[in-house]
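# Survey of secondary and tertiary structure
Residue-level listing of the chains:
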Amino acid sequence: GNSVTQMEGPVTLSEEAFLTINCTYTATGYPSLFWYVQYPGEGLQLLLKATKADDKGSNKGFEATYRKETTSFHLEKGSVQVSDSAVYFCALSDRSSASKIIFGSGTRLSIRP
Amino acid sequence: GAVVSQHPSWVICKSGTSVKIECRSLDFQATTMFWYRQFPKQSLMLMATSNEGSKATYEQGVEKDKFLINHASLTLSTLTVTSAHPEDSSFYICSASETGGNAYNSPLHFGNGTRLTVT
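Residues numbered from 1 in each chain as written. Chains lettered and ligands numbered in written order. Predicted model: local features only at pLDDT ≥ 70, side-chain atom pairs only at ≥ 80, totals over all residues. Heavy atoms only, no water.

Of the regular secondary structure elements, chain B holds 0 helices and 11 strands. Starting at the N terminus and walking to the C terminus, you meet the elements of chain B as β-β-β-β-β-β-β-β-β-β-β. For chain B, the C-alpha radius of gyration of 14 Å lies close to 14 Å, the compact-globule estimate for 119 residues. Projected onto its principal axes, the C-alpha positions of chain B cover 40 × 25 × 25 Å. Burial statistics for chain B: of 119 residues in total, 49% are counted as buried. Sequence-distant contacts, at least 24 apart, represent 56% of the contacts inside chain B between residues at least 6 apart. Total accessible area computed for chain B in this model is approximately 5,800 Å², and 50% of it derives from carbon and sulfur atoms. (Helix = DSSP H or I, 4+ residues; strand = E, 2+ residues; numbered from the N terminus. Rg over C-alpha atoms; globule rule 2.2 N^0.38 Å. Buried < 20%, exposed > 50% of the residue type's maximum accessible area, 1.4 Å probe, protein only. Contact = heavy atoms within 4.5 Å. Areas by Shrake-Rupley, 256 points an atom, 1.4 Å probe, with all protein chains shown as cover.)

All names here are of chain A. One open sheet accounts for 4 strands, arranged β3-β9-β8-β7; its pairing is antiparallel. The open sheet has two edge strands, β3 (19-21) and β7 (56-59), and neither has a second partner. Ignoring strand direction, the axes of neighbouring strands in this sheet form an average angle of 15 degrees. (Pairing = 2+ DSSP bridges. Axes fitted to C-alpha atoms, helices over the stretch in contact; angles between N-to-C directions.)

We now examine the state of the cysteines. Scanning all chains against the criterion turns up 2 disulfides over all chains. The thiol of Cys13 of chain B is not disulfide-bonded; the next cysteine sulfur, from Cys94 of chain B, is found 18 Å away. (Disulfide = S-S within 2.5 Å.)

Next up on the list: the pairing of strand β11 (residues 114-118) of chain B. Residues and elements named next belong to chain B. Side chains Thr114, Leu116 and Val118 of β11 all project onto a buried face; the interleaved residues Arg115 and Thr117 project onto a face where none is buried. As paired strands, strand β2 (residues 10-13) and β11 are joined by 4 bridges and run parallel to one another. What sits directly across from Cys13, in β11, is Val118. Of the pairings in the sheet, the one linking strand β9 (residues 90-96) to β11 comprises 3 bridges and is antiparallel in character. In the sheet register, Phe91 faces β11, and the bridge partner there is Arg115.

The next thing to look at is the nonpolar core. Trp35, Leu47, Leu48, Phe73, Leu75 and Tyr88 of chain A are the most contacted members of the largest nonpolar core, which has 26 residues in total. Elements that contribute at least two residues to this core include exactly β2 (11-14), β3, β4 (23-26), β5 (32-38), β6 (44-50), β8 (62-65), β10 (86-94) and β12 (107-112) of chain A. Looking at this core, the element that brings in the most residues is β10 of chain A, giving 4 residues. Val4, Phe28, Phe67 and Val118 of chain B belong to the second largest nonpolar core, which has 24 residues in total. (Core = buried A, V, L, I, M, F, W, Y, C linked by side-chain atoms within 4.5 Å.)

As a further point, take the pattern of salt bridges. The tally for this structure, following the rule as stated, stands at 5 salt bridges over all chains. Across the salt bridge formed by Lys56 of chain A and Glu63 of chain A, the nearest N and O atoms sit 3.6 Å from each other. Given a relative accessible area of 35%, Glu63 of chain A falls into the partly exposed group. The partner of Glu22 of chain B in a salt bridge is Arg24 of chain B, with the nearest N and O atoms 3.5 Å apart. Relative accessible area serves as the criterion here: at 24%, Glu22 of chain B is assigned to the partly exposed category. Relative accessible area serves as the criterion here: at 34%, Arg24 of chain B is assigned to the partly exposed category. (Salt bridge = Lys/Arg side-chain N within 4 Å of Asp/Glu carboxyl O.)

Looking now at the pairing of strand β8 (residues 76-81) of chain B. Residues and elements named next belong to chain B. For β8, a buried count of 6 out of 6 residues is recorded, marking the element as mostly surrounded by other parts of the structure. Where burial is concerned, the two faces of β8 agree: the one with Leu76, Thr78 and Thr80 and the one with Ser77, Leu79 and Val81 are both buried. As paired strands, strand β3 (residues 19-25) and β8 are joined by 6 bridges and run antiparallel to one another. Paired with Lys20 across the bridge in β8 is Thr80. The pairing of strand β7 (residues 67-73) with β8 spans 5 bridges and is antiparallel. Residue pairing for β8: Leu68 is matched across the bridge by Thr80.

Put into structure tokens, the structure is as follows:
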């Protein structure tokens, strides 16, 4: 079945550091890929998405590229801020059930001032 | 933007009692809502898909008689944990997409979750 694997946290970085959170997936067919973010005390929000191979999703300085050859969708940001501290979830949805989303385990990110 | 309200945000109940969790779409209609469960340090596990006006579709391994789902209107779905036991303690999250949308053209909107503790 479909699944998502992402790096375990917590990840602690200093402000302005480079961020990478790894995510790989297993899926039949051609899923869409997502990154969701959960800020403290809030619900999940869509951060970015990519719907086909080689697409790059981007938002708020974060980027992720849909790599079919490596079945990956790693999240990157060139310079993190304290306000980026949150839990990040990699996820996929299958075209056969477009609103049914499978999540990774989440990665907690903490940024030190 | 679209808001999903989930209530209560936390609840403590005694073993053997039932607990109802509500999920409301506040400014949009949602034909389909989803219920997730999250264990500590684990991913969100999809429990069931709630369809307005029809029976919910449960994922494999989820007891439908234990987790009763009702989706009586386009803006409200409820999850009732019946005869709760300590192992049902968890974080429950609902989500919804706008009617006619899907994950490609209409992102899911999530509630803030409900922390259930069964003593």
